[in-house]
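Below are the chains, spelled out letter by letter.
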Amino acid sequence: MAYWPHLYLLFFILVLWLLEKRFPKVMERAEESLLIIVISSIMAVSFGQVIARYGFNTGWDAALEFNTVAFSWLILLGMSYGIKTGLHLGVDIVLNAVPARITKALSLFGAAAAMLYGLILLDSTWLAMLGVDVRGGAIEYWSKMFKIGIGSEELRYPEFVQELFGLRPRVHRWLVLVILPISLAMLSYRSLQAFIDIARNKRDMLISGHEAQDLVEENKNALKD
Amino acid sequence: MESLILFSLVLVLLFIGLPVGICLGLSSILFITFFSHDSLSSVAISLFGAGQHYTLLAIPFFILASAYMSTGGVAKRLINFAIASVGHFRGGLAMASVLACMMFAALSGSSPATVVAIGTIAIAGMRQVGYSKEFAAGIIANAGTLGILIPPSIVMVVYAASVDVSVGRMFLAGVIPGLMAGGMLMLAIYVVARIKNLPSEEWKGFGHLVRGGKDAGWGLFLVVIIMGGIYGGVFTPTEAAVVAAVYSIFIALFIYRDMGPLQGKTWTNETDADHARIGFNGTVYGVSFFLVWEIMSFFVFADSDTVTGGDRAIWGLIMSVLIALFYVHKRASHLEQSMVSCLVAGMPIWGRNLSLMTRSFFPALFGEESRKVMLDGTKTTIMLMFIIANALLFAHTLSAERIPQMITEWMLGVGFNWFTFLIAVNILLLIGGQFMEPSGLLVIVAPVVFPIAMELGVDPIHLGIIMVVNMEIGMITPPIGLNLFVTSGITGMSLAKVVKAAMPFVLVLMVFLVLVTYIPALSTALPYSIMGPEIVQ
């Protein structure tokens, strides 16, 4: 198996790191905007599809596939964003009960575990090198798709792209799946960042205790006497 | 043995504070790595596959719809309407709070959002007229849980997706239990109010009620769109959710104008002449009726061959014109102006509003406030979907190891029948609901208990409702009840105090749980009479 996808991913993370160091505000806003664009595009396509079907008895064949793929992209892009912003839910009952030193240690362990999750799913070769009987991972699957070059079911490239690059009409499956290794690499990277931040006491926890933490924070003690 | 390792791994990782999603996912991965010979490629691809469940795609849009509907003004309108309808009973304000929570629950699928939106207004109001803070907080914490029982409900979508039953039937099944739970809470309040001699509001007359209803109507019509669309056979649940989201955005930005560039701009100004306002109102009623008619008749007649779109439009037009004329006639009778001059004078108000809406259409849609609401909705979606995606992974690992079958065989072997089995399910979920987010817990538990339930002849829809009610109670029982945290957060009361305040009403919900568990007809009667029975392969 070739290692060039790994290098590309590493390069991508490095570029991201440099950009975020140089323009932190812009990159943060860009990441949020990307998520909003993905969810809005699903909404636009679905709503357009409803109007087209009931109003004009027509529609876009690939709408369903577009929506489900975009939904997957949203979830995958979101998981690293969730680590970065401490969005993911967890049980904080123990973390709040033990002394601060242990809380920190457990949070560090949590960040390391999240990184482990990302790295194993990305490519388990490194585990195999350690003598564990395991194989496969996102990169391997993606490389296979890239080599075979099959297309997706309904999604097609726009006409001008087809002509410009002389492509077959159907969108390559590897292009749809490319988010998988990228997002897992991002997840590992964000977990590493979280690990460092927790170690440096810049951040307390990896998780949020309950789903309404922001909501409560905004209305904190709104009714206190 | 191996499965014991899997479960204890999950529990340990959960309690030392890993994100729930990571905890489920990592446990599955480690299990596959060390105990099975599956390739991790298939695990990675099934992470991608979470988004391929078309039913789950309804979740982000129900969240978005409720995010737009949660902007302050809607809650206030619902509370006003609720007070106008039940405020005059003894303990009326408290009952109105429950009613407002029920209505809000119908607009949003989320309990904490209900507690915050209704609670911040209603608790303050209750205290002003002399209720104790504890009583008020206890009511809101309990009534807030109705959010996941009254459709549309995200938890129901998750259940339907994970065991493959129809979302439409689940939603319908939640209607009677939802109304019943609300009714039981109100009844309990009434009894307490009689004993404690709590105050009642004065009855302000039907005019007040109608005005409240009109104000809240734009929001409540969302329910009609969702339910009507699904049961008219027009929309899939996912489409209904998308339409609901678009409708909410439109209502919040352009009709209610609680946010965005139109915020604070009223439809009619003080400076408009009386007869102009009457003319304008009349046409508004006409146009609103026409839109409502078009949508409702579309749901009913969409598949009909005999009634065409043109027919519907003509009938709607005639009725709308009649309504507009009637209103203007009635109101203008004491003025000097003729009906025609009223209607003509109303036109400039239309012109002003339409040009206002056109000019600020794009600024409103893409403005900073919209962006924030969209981002909030997206965050909630991400948080839920990350858990669900990993729970799917976990459920997949369980079934690959034949663990659900093993549990089924064991449970049947020791002689569980449907009665004792449902007790076991209730206990399992009540305990589990303490520690896990409801949708994540459902994704894991549902595939395990579902086959057993089918074996014992429990109805799939009924089982779903039992699970949802359990999740509800899990939200208000210590140590980790979401609504308790939220209530304690907004009131500044300590958690222990909130627990104590909520406890009497939790007992009511417990009684309700028993009723729902052992009277299947409560859940199944409505969906099966409308849509026919659910058939499970």
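Residues numbered from 1 in each chain as written. Chains lettered and ligands numbered in written order. Predicted model: local features only at pLDDT ≥ 70, side-chain atom pairs only at ≥ 80, totals over all residues. Heavy atoms only, no water.

## Thoughts on the overall build of chain A
Basically, it comes down to this: Here a helix means four or more residues in a row that DSSP labels H or I, a strand means two or more in a row labelled E, and each is numbered from the N terminus. To sort residues, take the accessible area from a 1.4 Å probe on protein chains only and compare it with the maximum for the residue type: under 20% means buried, over 50% means exposed, and anything in between is partly exposed. Any two residues whose heavy atoms approach within 4.5 Å at even a single point are treated as in contact. Note on areas: Shrake-Rupley with a 1.4 Å probe; residue coverage comes only from the protein chains shown. This count recognises Lys and Arg as positive and Asp and Glu as negative, with His and chain-terminal groups excluded. One atom stands in for each charge, and that atom is NZ of Lys, CZ of Arg, CG of Asp or CD of Glu.
Counting its regular elements, chain A contains 11 helices and two strands. For chain A, the α and β elements follow one another from N to C terminus as α-α-α-α-α-α-α-β-α-β-α-α-α. Based on the C-alpha atoms only, the size of chain A along its principal axes is roughly 60 × 55 × 35 Å. Scored against the burial criterion, the 225 residues of chain A give a buried share of 47%. Taking the contacts inside chain A whose residues are at least 6 apart along the sequence as the reference set, 67% of them involve residues at least 24 apart. As displayed, chain A offers around 12,000 Å² of accessible surface, 64% of which is attributable to carbon and sulfur atoms. Of the charged side chains in chain A, 21 are positive and 21 negative; the average position of the first set lies 6 Å away from that of the second.

## Remarks on a positive patch on the surface
Counted only if it meets this: Each patch is built from salt-bridge-free residues with over 30% relative accessible area, joining like charges within 9 Å and nonpolar side chains (Val, Leu, Ile, Met, Phe, Trp, Tyr) within 5 Å. When a carboxyl oxygen of Asp or Glu is within 4 Å of a side-chain nitrogen of Lys or Arg, the pair counts as a salt bridge.
Taken together, the side chains of Lys220(A), Lys224(A), Lys497(B) and Lys500(B) make up a positively charged region of the molecular surface. Inspection of the secondary structure assignment puts Lys500(B) in helix H23 (residues 495-518). Exposure remark for Lys500(B): the relative accessible area of 70% places this residue in the exposed category.

## Describing the interface of chain B and chain A
Using the following cut-off: When two parts are put together, the accessible area they lose, computed with a 1.4 Å probe and summed over both, is reported as buried area. In the analysis that follows, any N or O atom pair within 3.5 Å is treated as a polar contact, provided that within protein one partner can donate a hydrogen and the other can accept it, and provided that, for residues neighboring in sequence, both atoms belong to side chains.
With 77 residues of chain B at the contact, the number on the chain A side is 77 residues. Both faces considered, chain B and chain A share a buried interface measuring about 6,900 Å² in area, 75% of it formed by carbon and sulfur atoms. Summed over the three residues of chain B that lose the most area to chain A, namely Phe48(B), Arg371(B) and Ile382(B), the buried surface amounts to 10% of that side. Where chain B meets chain A, there are three salt bridges. Here Glu239(B) and Arg53(A) are joined by a salt bridge, their closest N and O atoms 2.1 Å apart. Between the two partners, chain B and chain A, sit 11 residue pairs in polar contact (both at pLDDT 80 or more). Here the side of chain B that touches chain A gets 14 residues from one element, more than from any other, and that element is helix H17 (residues 368-400) of chain B.

## Considering the pattern of salt bridges
Enumeration according to the criterion identifies eight salt bridges over all chains in this entry. Across the salt bridge formed by Arg190(A) and Glu20(A), the nearest N and O atoms sit 2.9 Å from each other. Of the two residues, Arg190(A) sits in helix H10 (residues 179-199) while Glu20(A) sits in helix H1 (residues 4-22), which places them 170 residues apart along the sequence. With its nearest N and O atoms 3.3 Å apart, the salt bridge here joins Arg29(A) to Glu368(B). Placement of the pair is Arg29(A) in helix H2 (residues 24-56) and Glu368(B) in helix H17, with the two residues belonging to separate chains. One continuous salt-bridge network, built from bridges that share partners, spans Glu20(A), Glu31(A), Lys84(A) and Arg190(A).

## Some points on the confidence of the model for chain A
Formally: Predictor confidence is given residue by residue as pLDDT, running from a minimum of 0 to a maximum of 100.
Looking at chain A as a whole, the pLDDT averages 86, with 99% of positions reaching at least 70. Element-level pLDDT for chain A is lowest in helix H11 (residues 213-218) of chain A, with a mean of 75, against a maximum mean of 92 in H10(A).

## A closer look at the environment of Asp61(A)
Residues and elements named next belong to chain A. Assignment of secondary structure puts Asp61 in the loop between H2 and helix H3 (63-85). Take Asp61: its relative accessible area is 65%, and that puts it in the exposed class. For the pair formed by Asp61 and Arg156, sequence separation is 95 residues and the distance between their alpha carbons is 9.9 Å.

## Re the packing of aromatic side chains
As a reminder, the rule being used: Only centres within 6.5 Å qualify two rings of Phe, Tyr or Trp (six-membered ring in Trp) as a pair; their planes then separate them into stacked at under 30 degrees, edge-to-face at over 60, and tilted for everything else.
Inspection of every chain in the model, using the stated rule, returns 25 aromatic pairs over all chains. One aromatic cluster is present, formed by Trp4(A), Tyr8(A), Trp142(A), Phe146(A) and Trp174(A) through successive ring pairs.

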